[in-house]
Amino acid sequence: MPSRHDPHDPDSNHGTRGDDAPPTGTGTPMPHTTAFARNQWYVAAYSHEVGREELLGRTVLGEPLVFYRTEEDGTPVALHDRCVHRRFPLSESRLDGDRIVCGYHGFTYDTTGACVYVPGQKRIPRTARVTAYPVVEQDSLVWVWIGDPALADPQTVPRARHLDSPGWTTVRGMEPIDADYGLLVDNLLDLSHETYLHGGYIGTPEVAETPITTEVDEGAGIVRVSRHMDDAECPPFYARSTGIEGRITRWQDIEYHAPCLYLLHSRIAPVGVLPEADGSDPNGFHTEITYAITPSADGKVYDFWMVSRDWATDDEEVTEFLRGNNHTVVMQDVDALNLLQRTLGSERSGYQELSINIDTGGLAARRILARLVEEGDKPVEVL
Amino acid sequence: MPSRHDPHDPDSNHGTRGDDAPPTGTGTPMPHTTAFARNQWYVAAYSHEVGREELLGRTVLGEPLVFYRTEEDGTPVALHDRCVHRRFPLSESRLDGDRIVCGYHGFTYDTTGACVYVPGQKRIPRTARVTAYPVVEQDSLVWVWIGDPALADPQTVPRARHLDSPGWTTVRGMEPIDADYGLLVDNLLDLSHETYLHGGYIGTPEVAETPITTEVDEGAGIVRVSRHMDDAECPPFYARSTGIEGRITRWQDIEYHAPCLYLLHSRIAPVGVLPEADGSDPNGFHTEITYAITPSADGKVYDFWMVSRDWATDDEEVTEFLRGNNHTVVMQDVDALNLLQRTLGSERSGYQELSINIDTGGLAARRILARLVEEGDKPVEVL
Amino acid sequence: MPSRHDPHDPDSNHGTRGDDAPPTGTGTPMPHTTAFARNQWYVAAYSHEVGREELLGRTVLGEPLVFYRTEEDGTPVALHDRCVHRRFPLSESRLDGDRIVCGYHGFTYDTTGACVYVPGQKRIPRTARVTAYPVVEQDSLVWVWIGDPALADPQTVPRARHLDSPGWTTVRGMEPIDADYGLLVDNLLDLSHETYLHGGYIGTPEVAETPITTEVDEGAGIVRVSRHMDDAECPPFYARSTGIEGRITRWQDIEYHAPCLYLLHSRIAPVGVLPEADGSDPNGFHTEITYAITPSADGKVYDFWMVSRDWATDDEEVTEFLRGNNHTVVMQDVDALNLLQRTLGSERSGYQELSINIDTGGLAARRILARLVEEGDKPVEVL
């Protein structure tokens, strides 16, 4: 059952210095990278990035992967991206129908990862095989399971239906960041940075000023952070694209499904306009901001960002405006996180952070991630 | 009391192989970097680099610092360049009057380093504070004290009055070098390299040929190296800018105040023209070449260079000529030291140097630096 | 005496997983770099790269070297590329006749490496000397001996007479590769990659399909790999440059003299045209492809490539065509090996390779190199 956290009592047992808590000893250095949680689903690509003719290479949790689609039904395939012979990346090779032909010596693999041809001899060594990974394609996303395939349950892939539903229009992109994925989790769980890092775009003074409420469902691994602004300045791009004049009611409801999926339910409406008693909300403007936070390698993360709306869905001008505007905002984060990672890399060990109320959600996320890491590292019990 | 060193007997007990001394064992590798001397004043910036509106980030002895001036009286402020919250560099932030507003989440600091605003709550954690560093602005230089602030005595900042005095005109610049600061100390203490590295500019055959005398004041941490050439070729730029025809008397008197300030008193005059008995020297041309050697991080140094003259002080053509000419010379050093650092970085451990008479000053400087490093690392006695 | 290896039974005791052999333990990681074999001759440069006026810097087996020619008879000189004084690279200096004058402080060395001048004093320290290396210039190549000079026997430098003989025309180049030299040895000993990496250039399906025979002369350190295609497609550039129409007999006879010299004797002729009974071969087209594989530093190798022909020797168009075509092919290898090295650098330790018949020659080469490394590391016996 979810527990409601007192925002004035953030948990500070996570290597950071709590609000007014005595400094933790300098003997406990903050790591510059967050460990990876195995036995989890991760977004490896957008559906449109995986094709029948081109190979797509991506590294997820340090595992090099190559993606393509079968000719017959277009099912996505994910194989380990290293030829068994001399470790050449298969993503630098070519497709021959449903088979990958290694670009160096021609070792050829089918969709199951089995080697079906080697040069210079008829007999295929029986150990010649690359790992095939469980894949689920859903809501325009290609998810891959990193860990023990026996544990992969497609039913547990979290949903983001608005990405691929009628009535919604989505703009999206992906930026690789040279930063620990934990820094991106921090960034997204605490939106008070909008006021400072994204001032003039999505940030207004009210975001930083308005206190948050945080709910944590430890068992499900979900963190919810809400900030409801009753009377706020309307960010220029919202004013321009919704036609609202004057001040607004602005709700930001974060729902983070650790480790990978981040949903931000955004609602704006003229001040005082609330949803109906039956839950419908004809006069609100709803924007679903979706992120997939996919750790690539140590200190590297893929930042998949998507912005879906249920208003002005056919207005190309609004679409192009949102595409450009959100790309700018994402790049502000990318620049800040690249800088922050370089900065942390030059810190002496033993440095400290100081957390306050706004960090309650981020600290809960770190705590859940630490548990998922631990669970993912456990040897699987034999039943 | 200063001791006069016999230039034919340089001390060779500093990890280098002395003139004809038996090689030291290969088991004592030369480090590629010189340790930092704490509890000392260092030049962090020129006065003109620190302003009321822009933040200046500099790293001194591995400490990230941010500099600006107060609105009221323009006093320079130096704070630790990391927000206490998530370590974002404050130098990438903005000023709001005399306060720095962190560019990530808006944590705000006053000139003493105290945090005066955090987002989302009224109470400021009492541990929210960044270090403020003692600063002295003097002779157009901004000095910062790295070490225990209780030991910072503004009276001990060494002077370079010619940089900011009537009767002198100065050209200057700063080049960051990717080299151990010890290599820059070596470079400047042994000017025989002018003949080879700066041939055609400030080097003539006499510089390398003329023996030096060296004086070391161990207690004050000052090394003096003098080379008096009685009958020397006039370097082209001196000939052009002073109007002297024919050969010259050329004196180079180095005065290195370890660890940071290097003064080179240069005097040229036509051959045979000496200072008067009363010490005045109306027929000599005096140039004060000042360097501040400020270690930034391991293997990185700021090379502040200044050239001041008491002749043709209003001649813009001479000023521009000296600015360009000295920049070229400095860049020859920068290129050589960058190369040398890369070279040493690929050396196997246990490599050796061979020192000769010209290195007497540099070896004394290394010895003094080693003592300052040791003193700076000592715990401060409680009185 | 050479032993003929059964191509169906490659030796698999070299850290790789043999054809169908059980996987070796994951506790024995593959190294990413091959150790260096000392007490061997290596090609450091082409004759035309070493001159009387310019200094050439090259690093061989981690030893920084500087090359030039004497004024009198043009003999190549190889000295250690570090000044004894402060380790400045002599290759960044200048020649004064047969002497190198260090570009930093003027320390001057003769062709034996003896220091003959130092600045500021008359006496030269007797330890002031840089190592001079044994050099042999032969067949348009400058070979250097890395190891104990007392063991350097010019008679043991392997020959490649076609590079500098009448009746042959050669195109050549050198590419530095950021890859372990062992990867280049692998690449060249197994030409089945031509079909995949060089398809459309020198690769045709028959290369990958035709089994090889391998002979290893362990004592002499020579590996021979032969692939005789009796009825093969003619690669476009051969068709164009020889005028042969239709299918060909194509022989590829590799002769690798470990560690540095690789010869590929290539013969093509119309199908059925064989050498005469007396060994002459007036109707065959002979191409000698020569490589010198010179380890530079860990993970870096110089790829010297030369293509010599005994046909159309005066045809400039063929020469230019071969120069461009072979450069393209070499760059395909360079790109693949740079990529492979980066790839291996990100592998977790304990990864495995899987070797098959085509690798018989490469595995034999690795075995011989391992022995040469071991012999080169042994202390020399005192007789």
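Worth saying up front: this structure is predicted, and the values here are computed from it rather than measured.

For residues that are not glycine, phi is negative in most cases, and the peptide bond is trans in most cases. Of note, the amide linkage connecting A258 of chain B to P259 of chain B takes the cis form, showing an omega dihedral of 5°. Looking at the secondary structure, you find P259 of chain B in the loop between strand 15 (248–257) and strand 16 (261–270). Unlike most non-glycine residues, D139 of chain A shows phi in positive territory, near 55°. Assignment of secondary structure puts D139 of chain A in the loop between strand 10 (135–138) and strand 11 (141–146). Unusually for a residue other than glycine, S140 of chain C sits at a positive phi of about 70°. With respect to the helices, strands and loops of the structure, S140 of chain C is situated in the loop between strand 10 (135–138) and strand 11 (141–146). For S140 of chain C, a relative accessible area of 14% puts it in the buried group.

Let's shift gears to the sheet that holds strand 5 (residues 76–80) of chain C. All names here are of chain C. Spatially, 3 strands are ordered 3-4-5 in an open sheet, and the strand pairing comes out antiparallel. Of all the strands in the sheet, just strand 3 (56–60) and strand 5 have a single pairing partner and so form its edges. With direction set aside, neighbouring strand axes in the sheet form an average angle of 35°. With 5 bridges joining them, strand 3 and strand 4 (residues 63–69) adopt antiparallel strand pairing. Bridge pairing links L56 to F67 in strand 4.

With that out of the way, let us pick up the packing of helix 1 (residues 181–189) of chain A against helix 5 (residues 316–345) of chain A. All names here are of chain A. Remark: helix 1 packs on helix 5, axes separated minimally by 10 Å, with the N-to-C direction vectors making an angle of 130°. Of the possible angle classes, the one that applies to helix 1 and helix 5 is oblique. Where helix 1 crosses over helix 5, the two elements pack in a sense that is right-handed. Mapping the contact onto sequence places L183, L184 and N187 in helix 1 and D333, L337, L340, Q341 and L344 in helix 5. Across the contact of helix 1 with helix 5, the residue classes tally to 5 nonpolar, 2 polar and 1 charged.

This part covers the relation of the copies chain C and chain B. With an axial shift of 0.1 Å and an RMSD of 0.0 Å, the rotation relating chain C to chain B amounts to 120°. Both copies of the chain, as the preceding transformation shows, are related through a three-fold rotation axis. In terms of C-alpha distance to the rotation axis, chain C has G345 of chain C as its closest residue, with the C-alpha 12 Å off the axis.

Residues and elements named next belong to chain B. According to the relative accessible area criterion, D139 is buried, its value standing at 7%. The spacing of D139 and R161 is 22 residues in sequence and 5.5 Å in space, taken between C-alpha atoms. Residues within four places of D139 in sequence aside, it is in contact with P158, R159, A160, R161, L163 and D164. Here R159 takes part through its side chain, which lies 2.7 Å from a polar atom of the side chain of D139.

A separate point is a negative patch on the surface. Residues and elements named next belong to chain A. Taken together, the side chains of E53, E54, E71 and D96 make up a negatively charged region of the molecular surface. The residue E54 is located in the loop between strand 2 (40–46) and strand 3 (56–60) in this model. On the accessibility criterion, E54 (62% relative accessible area) is exposed.

Between chain A and chain B, the residue contacts involve 35 residues of the former and 29 residues of the latter. Here chain A and chain B share an interface that buries about 2,600 Å² over both sides, 50% of which is from carbon and sulfur atoms. Across the chain A-chain B interface, the total number found is 5 salt bridges. Close ionic contact of R87 of chain B with E347 of chain A constitutes a salt bridge, the shortest N to O distance being 3.1 Å. Taken together, the connections running from chain A to chain B amount to 12 residue pairs in polar contact (both at pLDDT 80 or more). Broken down by secondary-structure element, the contributors of at least two residues to the side of chain A that touches chain B are helix 1, helix 2 (193–197), helix 3 (205–209), helix 5 and helix 6 (360–377) of chain A. Top element by residues in the side of chain A that touches chain B is helix 5 of chain A. It accounts for 6 residues. Looking at the side of chain A that touches chain B, its residues break down into 16 nonpolar, 8 polar and 11 charged.

Using the residue numbers shown here, the UniProt feature "domain: Rieske" (unreviewed entry) corresponds to residues 41–144 of chain A. What you have in residues 41–144 of chain A is 0% helix and 40% strand, and the ends, taken at the C-alpha atoms, are 6 Å apart.

About the criteria used
- Residues numbered from 1 in each chain as written.
- Chains lettered and ligands numbered in written order.
- Predicted model: local features only at pLDDT ≥ 70, side-chain atom pairs only at ≥ 80, totals over all residues.
- Heavy atoms only, no water.
- Helix = DSSP H or I, 4+ residues; strand = E, 2+ residues; numbered from the N terminus.
- Buried < 20%, exposed > 50% of the residue type's maximum accessible area, 1.4 Å probe, protein only.
- Pairing = 2+ DSSP bridges.
- Axes fitted to C-alpha atoms, helices over the stretch in contact; angles between N-to-C directions.
- Parallel < 35°, antiparallel > 145°, perpendicular 65-115°, else oblique.
- Left-handed = near helix turned anticlockwise from the far one by under 90°.
- Contact = heavy atoms within 4.5 Å.
- Nonpolar A, V, L, I, M, F, W, Y, C, P; charged D, E, K, R; others polar.
- Least-squares fit on C-alpha atoms with pLDDT ≥ 70 in both.
- Polar contact = N/O pair within 3.5 Å; in protein donor to acceptor, adjacent residues only side chain to side chain.
- Patch = residues over 30% accessible without salt bridge, like charges linked within 9 Å, V, L, I, M, F, W, Y side chains within 5 Å.
- Areas by Shrake-Rupley, 256 points an atom, 1.4 Å probe, with all protein chains shown as cover.
- Salt bridge = Lys/Arg side-chain N within 4 Å of Asp/Glu carboxyl O.
- Lys, Arg positive; Asp, Glu negative; His and termini not counted.
- Charge placed at Lys NZ, Arg CZ, Asp CG, Glu CD.
- Buried area = accessible area lost by both parts, 1.4 Å probe.
- UniProt positions renumbered as here; feature names shortened; annotations may be inferred.

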